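Analysis of the macromolecular model
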Amino acid sequence: MSFEWPWQYNFPPFFTLQPNADTRQKQLAAWCSLALSYCRHQKLYTLDVMEAQESPVFNNKKIERKLSMETIQVVFEELRKKGNLEWLDKNKSRCLVMWRRPEEWGKLIYQWVSNNGMTNSVFTLYELSNGDDTEGEEFHCLEEWMLLRSLQALQTQGKAEIITIDDGKGVKFF
């Protein structure tokens with residue numbers, strides 16, 4: 001399935017940060033939505049800021065326009081304020097992208113556990129994110145850092161407990 005670009009993506013002024021405050025807010029909201037949708041479609045969880053400018057999401061080769069590094073930083077800061085992005089370093093060169101928050105992932109995982117009658121079951125993290133049983137689920141192939149955060153959210157709600165199994169981690173659902 002190919003990614004569906006919003007209409008603004010082929011509108012050259014979209015790639016220039018607008019001076020009017022109201023227009024700029026709408027533009028930033030559209031960029032945030034586009035970045036999250038693209039990351040979700042591509043299942044991207046980490047981004048490198050230097051590579052971002054050459055990524056199709058910020059570089060429309062068809063109309064020969066790309067977002068400046070400064071504007072990409074503004075978009076990323078907006079995503080950070082909304083809780084969809086976390087910096088991995090002080091230089092702000094790499095970031096985690098959360099197109100779905102840990103609590104939302106936790107809810108999806110717990111729904112799957114409940115719907116399949118697997119409460120009071122123990123899973124390794126690998127089984128949960130890469131096992132045959134979860135193939136076809138949205139959380140299949142979820143990166144471990146996000147899986148752990150999701151399970152921590154469930155643990156806070158009393159629906160799961162993260163446990164140590166042999167060399168790795170696992171989870172028991174209640």
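Above: the structure in question.
All of the points below concern the structure found in this document. Because the structure is a prediction, the values reported are computed rather than measured. (Residues numbered from 1 in each chain as written. Predicted model: local features only at pLDDT ≥ 70, side-chain atom pairs only at ≥ 80, totals over all residues. Heavy atoms only, no water.)

**A word on the packing of helix α1 (residues 21-42) against helix α3 (residues 69-81)**
Interaxial distance between α1 and α3 falls to 9 Å at its minimum, and their mutual angle equals 80°. Classified by the angle their axes make, α1 and α3 are roughly perpendicular. Residue-level contacts link Q25, L28, W31, C32, A35 and L36 of α1 to V74, V75, E78 and L79 of α3. Grouping the constituent residues of the contact of α1 with α3 by class yields 8 nonpolar, 1 polar and 1 charged. (Axes fitted to C-alpha atoms, helices over the stretch in contact; angles between N-to-C directions. Helix = DSSP H or I, 4+ residues; strand = E, 2+ residues; numbered from the N terminus. Parallel < 35°, antiparallel > 145°, perpendicular 65-115°, else oblique. Contact = heavy atoms within 4.5 Å. Nonpolar A, V, L, I, M, F, W, Y, C, P; charged D, E, K, R; others polar.)

**Considering the packing of helix α4 (residues 102-115) against helix α6 (residues 144-156)**
It is at 8 Å that the axes of α4 and α6 come closest, and there the two elements cross at 75°. Overall, the two elements α4 and α6 adopt an arrangement that is roughly perpendicular. Each of P102, E103, W105, G106, I109 and Y110 in α4 lies in contact with α6, whose residues at this interface are M146, L147, R149, S150, A153 and L154. Of the residues in the contact of α4 with α6, the class split is 8 nonpolar, 2 polar and 2 charged.

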